[in-house]
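If you want the building blocks of each chain, they are given just below.
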Amino acid sequence: MSLMLNESVVSKNQIIISISRMICFRQLLARMFMMALATTLTSCSTPRAIQISAAPAIADERTYLAGVCAELSKSWPANRTVNIVCHGHSVPAGYAKTPAVRTFDAYPFLLHRGLNDRFPHAVVNVIVTAIGGENSEQGAKRFARDVVSLRPDVVTIDYSLNDRKIGLARSETAWRAMIEEALAHHIKIILLTPTGDLSARLADPNDPLNRHAELVRRLAREYHVGLADSLAQFENYARNGGQLSDLMAQVNHPNRKGHELVAAQLLNWFPLPHQKS
């Protein structure tokens, strides 16, 4: 009999212990829930610093080509040849009133001369790989062969005048292909918006020339590369009382005066080292 009573007492004690453990466990869960709730409420009510990436922006023309300008500033025997490639259509190719080609009035030559004046100890090659009548799709197909193979320090890309014939979507694909290939080879890039066209309605933002110019600006911001906004310079000239025809050799090709505006924009990207600040 005493053995049965002892077993009964043990059994009751075990039940009591089990119930106590369950109560403690539930209390523990309740505390954890309250702590989690308090943390959630605190995080919702307390302002937190959120890191937001900076908006896409065009590269800083004071510093983007700092490495290239440092090379241009060196004297023999410490210097080396700096290669700049101008890729595009008939405008960088130098076409004036077709079929006349005025190489020494075109912006690649004017850029070359300007760099020589600014960096008199530099050995600079400005190489023109432009082809008249070509669009960006055609230029992208030969980009590796004709541009990257030259191992340029800088490449300029200028296709928007002719890209109106293939449309924005195809143009964007081709421009992206060239930009990304250049970046993959650590080549600095300056994108150019189109020069003027007497047949365009420059006051109309929906005119194809303006829309292609805006595409180029957007890509320069997105890829954080250089931009020479040729069209903006042509528009500013007309806005300040000039005639767009003053800048044109024919309806879609600039004359020397027009090319000088483009070259000045490009030269802004090559400051002397002491001009950075």
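In this text, all values refer to a predicted model and were calculated from it rather than measured experimentally.

Nonpolar side chains in soluble globular proteins tend to end up buried together. Within the largest apolar cluster, 60 residues are counted, with the highest numbers of intra-cluster contacts made by Leu191 and Phe270. In terms of residues, this core owes the most to one element, helix 9 (residues 208-223), which gives seven residues. Setting aside residues up to four positions removed in sequence, phenylalanine 270 forms contacts with Leu65, Val68, Cys69, Leu72, Ile84, Leu111, Leu115, Arg118, Phe119, Val154 and Ile190.

Taking strand neighbours across the sheet as the criterion, the five strands line up as 2-1-3-4-5 in an open arrangement whose pairing is parallel. This sheet does not close on itself; its edge strands, each paired only once, are strand 2 (123-128) and strand 5 (226-228). The mean angle between the axes of side-by-side strands here comes to 20 degrees, regardless of whether they run parallel or antiparallel. The sheet contact formed by strand 4 (residues 188-192) and strand 5 spans three bridges and is parallel. Across the sheet, the residue bridging to leucine 191 is leucine 227, located in strand 5.

Locating arginine 176 in the fold gives a position in helix 8 (residues 168-184). With 40 residues separating them along the chain, arginine 176 and serine 136 place their C-alpha atoms 9.9 Å apart. Beyond its immediate stretch of four places on either side in the chain, arginine 176 contacts Arg218, Leu219, Glu222 and Tyr223. Reaching out from arginine 176, the side chain makes a polar contact with the side chain of tyrosine 223 at a distance of 2.9 Å.

Next up on the list: the pattern of salt bridges. Side-chain pairs of opposite charge can arise where the charged atoms are in close proximity. Under the definition given, this model contains 20 salt bridges. Across the pair arginine 176 and glutamate 172 runs a salt bridge whose closest N-O atoms are separated by 2.9 Å. A residue pair is termed a helical-turn pair when its members lie 3 or 4 positions apart in one helix, as arginine 176 and glutamate 172 do in helix 8 at four residues. Exposure class is identical for arginine 176 and glutamate 172. Each is buried. For the salt bridge of arginine 217 with aspartate 229, the shortest nitrogen-to-oxygen distance reads 2.8 Å. With arginine 217 in helix 9 and aspartate 229 in the loop between strand 5 and helix 10 (230-239), the pair connects residues that are 12 residues apart, well separated along the chain. With relative accessibility at 14%, the residue aspartate 229 sits in the buried group. Via salt bridges that share partners, Glu71, Lys74, Arg80 and Asp153 belong to a single interconnected network.

What follows covers the side chain of histidine 89. Note on placement: histidine 89 falls in the loop between strand 1 (81-88) and helix 3 (90-93). Histidine 89 sits in the buried class, given a relative accessible area of 0%. If we ignore the near neighbours within four places in the chain, the residues touching histidine 89 are Ala130, Ile131, Gly132, Glu134, Asp158, Tyr159, Ser160, Leu161 and Asn162.

In contact at an axis separation of 11 Å, helix 8 and helix 9 are set at 30 degrees when each is read in the N-to-C sense. One finds that helix 8 runs roughly parallel with respect to helix 9. Seen from above, helix 8 lies across helix 9 with right-handed handedness. Residue-level inspection shows Leu168, Ser171, Glu172, Trp175, Arg176, Ile179, Glu180 and Leu183 of helix 8 in contact with helix 9, the latter providing Arg211, His212, Leu215, Val216, Arg218, Leu219, Glu222 and Tyr223. The residue inventory of the contact of helix 8 with helix 9, partitioned by class, reads eight nonpolar, two polar and six charged.

What counts, and where the lines are drawn
- Residues numbered from 1 in each chain as written.
- Predicted model: local features only at pLDDT ≥ 70, side-chain atom pairs only at ≥ 80, totals over all residues.
- Heavy atoms only, no water.
- Core = buried A, V, L, I, M, F, W, Y, C linked by side-chain atoms within 4.5 Å.
- Buried < 20%, exposed > 50% of the residue type's maximum accessible area, 1.4 Å probe, protein only.
- Helix = DSSP H or I, 4+ residues; strand = E, 2+ residues; numbered from the N terminus.
- Contact = heavy atoms within 4.5 Å.
- Pairing = 2+ DSSP bridges.
- Axes fitted to C-alpha atoms, helices over the stretch in contact; angles between N-to-C directions.
- Polar contact = N/O pair within 3.5 Å; in protein donor to acceptor, adjacent residues only side chain to side chain.
- Salt bridge = Lys/Arg side-chain N within 4 Å of Asp/Glu carboxyl O.
- Parallel < 35°, antiparallel > 145°, perpendicular 65-115°, else oblique.
- Left-handed = near helix turned anticlockwise from the far one by under 90°.
- Nonpolar A, V, L, I, M, F, W, Y, C, P; charged D, E, K, R; others polar.

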